[in-house]
Amino acid sequence: MRYLNEQEWKLASRFLFLSMALKVIKHDLQKMNQLSPFKINEPYIALLEKMEKNATEERRKLRKQMHQEKIKVVAAEKNDSFTSYLFLCKGKEEKRNYFNPAIRKKVELILEELLAHAYESTSSSKEEVKL
C-alpha cells in the first residue's frame, strides 16, 4: 500500500541514498588518508572533502524538511539480494524493498552528481596555472 505522496517519497528516498553516499565518501576519504595511493593526493582529498561538505549540507536541509513533515526512514531487513526500509510519515507506515544492485546504482548516481558539483565549484574558484 502506498501512503507517501510523490513529494514525501522523493524527500525520504533522497535522504536515504544521500546518507549512503556520505558513508561511501567518508570511507574513501579515510582510505585516501591512510594509504596515499597517488603521488599527489591533495587534489583528490580536497575534492572528496568538498563532496562531503556539500552532501552533509544537503542532508541537513533534507533532515529539517523531513522533521517538519514528520517523515522518518528506518532500515528494516537485509539479505543477500534485497534491503527493506520502513518509511514513516504522519502516523502511517510504508515498507519498500530495494534490490541491492539498484541501491548501489542510486548511490553511484548521487556520487557522480556530488563529484560534478564539487569539481565545478573547485575549478571555477581557482586561477588557471600559467607556465
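Structural data are supplied above this passage.
Keep in mind the model is a prediction, meaning the values are calculated, not measured.

A word on the layout of surface pockets
Roughly 450 Å³ of volume is contained in the largest pocket. Counting only elements with at least two residues in the lining of the largest pocket, the list comes to helix 1 (6-35), strand 1 (71-78), strand 2 (82-89) and helix 3 (100-125). Classifying every residue of the lining of the largest pocket gives 11 nonpolar, 4 polar and 5 charged. In this model, the second largest pocket occupies a volume close to 190 Å³. Surrounding the second largest pocket, F15, R63, M66, H67, K70, I71, K72, V73 and L88 form its lining. Elements with a minimum of two residues in the lining of the second largest pocket: helix 2 (42-68) and strand 1. Residues that form the lining of the second largest pocket fall into these classes: 5 nonpolar, 1 polar and 3 charged.

Concerning unusual backbone geometry
Notably, K70 is not glycine yet its phi reads approximately 55 degrees, a positive angle. Considering the arrangement of structural elements, one finds K70 in the loop between helix 2 and strand 1. Residues other than glycine seldom take positive phi values, yet K90 does so here, at roughly 50 degrees. Tracing the sequence through the fold places K90 in the loop between strand 2 and strand 3 (92-99).

What counts and what doesn't
- Residues numbered from 1 in each chain as written.
- Predicted model: local features only at pLDDT ≥ 70, side-chain atom pairs only at ≥ 80, totals over all residues.
- Heavy atoms only, no water.
- 1 Å grid on protein atoms, 1.4 Å probe; cavity = no way out; pocket = protein on both sides within 12 Å on 5 of 7 lines; lining within 4 Å.
- Points joined across faces, edges and corners; volume = space filled by probe spheres on them.
- Helix = DSSP H or I, 4+ residues; strand = E, 2+ residues; numbered from the N terminus.
- Nonpolar A, V, L, I, M, F, W, Y, C, P; charged D, E, K, R; others polar.

Any functional reading would require information that these geometric values do not contain.
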